[in-house]
Amino acid sequence: MRRSYMAGNWKMNNTRSEALALVKELLDNGSFKNKVLIAPSYTALDAVSKAVEGTELILGAQNMSTDESGAHTGEISPVMLKDLGVEVVILGHSERRAIYGETDKIINIKVHLALKHKLDVIFCVGETLDEREGGLAEKIVTDQVVEGLKGISEDQLSAITIAYEPVWAIGTGKTATPEDADDIHKVIRTKIENIFSKNAADNVIIQYGGSVKPANVKELMAKPNIDGALVGGAALKAETFIPIMEYNK
Ligand code: PEP
């Protein structure tokens with residue numbers, strides 16, 4: 001059985017003291033039957049790493065460089081993330097794709113590099129509103145899965161969680177209907193079966209992301225192919241993240 005996995009992407013929010021206050025609330029008031037991750041911004045990683053040490057809260061980063069070291073001004077390498085105690089990195093988020101021009105090829109390089117450095121990956125895919133309205137959602141998502149996971153072995157796949165995040169649902173308050181989301185999750189799972197195996201497809205965790213909140217988590221998670229959530233806005237407050245992270249299928 002797949003263990004539910006709830007992840008909070010804090011994006012460019014929270015100073016170190018705000019991050020520590022939120023972590024304290026999550027640890028004091030939350031429970032951890034599900035796998036739970038938080039991804040603070042780079043500047044709070046060190047402080048949060050110390051605060052979550054020895055707890056069940058998993059530390060993630062929101063991005064990383066395509067390279068290990070060298071002349072890459074402003075970038076952060078997987079070696080640096082590991083040094084801070086980071087266990088997981090989010091790659092291919094639609095904001096990285098749309099605002100910072102990250103292509104499937106760049107994301108694929110990052111996936112390989114993260115795995116080389118024993119970082120688990122939350123690998124994001126999702127279509128834009130135009131693509132959905134043009135009937136292209138399945139094709140776009142499938143292509144992103146194929147290209148982003150190119151050259152990955154079935155063994156390595158166990159370190160990868162896939163997050164389906166329809167771009168039009170991120171930060172907009174619009175959520176895909178549970179049925180629409182589950183349909184795409186099923187498409188992704190079938191693609192994983194085609195590329196790898198039935199066993200890989202049965203075991204891969206596929207999160208849904210896009211305006212997940214306490215009020216809609218139950219109906220989304222009830223769907224057979226939805227195994228967790230990648231949460232933005234609602235992850236910034238304990239009162240909205242705790243009901244999500246504690247949700248039981
Ligand atoms: C996200 O950024 O991954 C996300 C899903 O954001 P929100 O929950 O705010 O839509």
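For the structure itself, look to the data block above.
Here the structure is a predicted model, which means the values were calculated and not measured.

(A) Quick peek at the overall build of the chain. When its secondary structure is counted, the chain shows 12 helices and 8 strands. Its C-alpha atoms give the chain a radius of gyration of 17 Å, near enough to 18 Å, the size a compact globule of 249 residues would have. Over its C-alpha atoms, taken along the principal directions, the chain stretches across nearly 45 × 45 × 35 Å. Within the chain, the proportion of its 249 residues that are buried is 52%. Long-range contacts, defined as pairs at least 24 residues apart, comprise 73% of the intrachain contacts of the chain with a sequence gap of at least 6. Total accessible area computed for the chain in this model is approximately 11400 Å², and 52% of it derives from carbon and sulfur atoms. Treating the 28 positive side-chain charges of the chain as one cloud and the 35 negative ones as another, the clouds have centres 2 Å apart.

(B) Focus on the site of the ligand. Taken together, 14 residues lie around the ligand, and K11, E165, G171, S211 and G232 are the ones closest in. Interatomic distance of 2.9 Å between a side-chain N/O atom of H93 and an oxygen atom of the ligand. Interatomic distance of 2.8 Å between a backbone N/O atom of G232 and an oxygen atom of the ligand. Alone, the ligand offers 290 Å² of accessible surface; in the complex the protein occludes 96% of this. Of the residues assigned to the shell around the ligand, the class counts are 4 nonpolar, 8 polar and 2 charged.

(C) Spatial organisation of the environment of N203. Inspection of the secondary structure assignment puts N203 in helix α10 (residues 198-203). By relative accessible area, N203 is classed as partly exposed at 45%. Residues N203 and R189 lie 14 residues apart in sequence; the distance between their C-alpha atoms is 9.4 Å. A polar side-chain atom of N203 sits 2.9 Å from the main-chain carbonyl oxygen of N199.

(D) Region of the structure containing unusual backbone geometry. Backbone geometry at K11 places phi at a positive 50°, although glycine is not the residue there. Of note, K11 is situated in the loop between β1 (5-9) and α1 (16-29). Notably, K118 is not glycine yet its phi reads approximately 60°, a positive angle. Topologically, K118 is positioned in the loop between α5 (104-116) and β5 (120-125).

(E) Quick peek at the pairing of β1. The buried fraction of β1 amounts to 5 of the 5 residues, a majority that puts the element mostly inside the structure. With burial as the criterion, each face of β1 is covered, one bearing Y5, A7 and N9 and the other bearing M6 and G8. Bridge count for β1 against strand β2 (residues 35-39) is 5 bridges, and the pairing is parallel. When the sheet's bridge partners are listed, A7 is paired in β2 with L37. Taken together, β1, α1 and β2 constitute a β-α-β crossover, and its handedness is right-handed. Judged from the 4 bridges that link them, β1 and strand β8 (residues 228-231) form a sheet pairing that is parallel. Considered in β8, the bridge of A7 is made with L230.

(F) Structural view of the nonpolar core. Core analysis: the biggest nonpolar cluster contains 68 residues, and L149, I188 and I192 have the highest contact counts within it. Once residues within four sequence positions are removed from consideration, I188 is found in contact with V125, V141, V145, I162, Y164 and I206. Within the second largest apolar cluster, 12 residues are counted, among which are A7, L37, I122 and L230.

(G) A look at the sheet that holds strand β3 (residues 57-61). Spatially, 8 strands are ordered β1-β2-β3-β4-β5-β6-β7-β8 in a closed barrel, and the strand pairing comes out parallel. Averaged over all pairs of adjacent strands, the angle between their axes in this sheet comes to 25°, without regard to strand direction. Bridge count between β2 and β3: 3 bridges; the pairing is parallel. Its bridge partner being in β3, L37 is matched across the sheet by I58. In this fold helix α2 (residues 42-52) packs onto β2 and β3, with an angle of close to 165° to the strand it touches most, β3.

Reading the values: rules and limits
- Residues numbered from 1 in each chain as written.
- Predicted model: local features only at pLDDT ≥ 70, side-chain atom pairs only at ≥ 80, totals over all residues.
- Heavy atoms only, no water.
- Helix = DSSP H or I, 4+ residues; strand = E, 2+ residues; numbered from the N terminus.
- Rg over C-alpha atoms; globule rule 2.2 N^0.38 Å.
- Buried < 20%, exposed > 50% of the residue type's maximum accessible area, 1.4 Å probe, protein only.
- Contact = heavy atoms within 4.5 Å.
- Areas by Shrake-Rupley, 256 points an atom, 1.4 Å probe, with all protein chains shown as cover.
- Lys, Arg positive; Asp, Glu negative; His and termini not counted.
- Charge placed at Lys NZ, Arg CZ, Asp CG, Glu CD.
- Near = heavy atom within 4 Å.
- Polar contact = N/O pair within 3.5 Å; in protein donor to acceptor, adjacent residues only side chain to side chain.
- Nonpolar A, V, L, I, M, F, W, Y, C, P; charged D, E, K, R; others polar.
- Pairing = 2+ DSSP bridges.
- Right-handed = clockwise from strand over helix to strand, strands pointing away.
- Core = buried A, V, L, I, M, F, W, Y, C linked by side-chain atoms within 4.5 Å.
- Axes fitted to C-alpha atoms, helices over the stretch in contact; angles between N-to-C directions.

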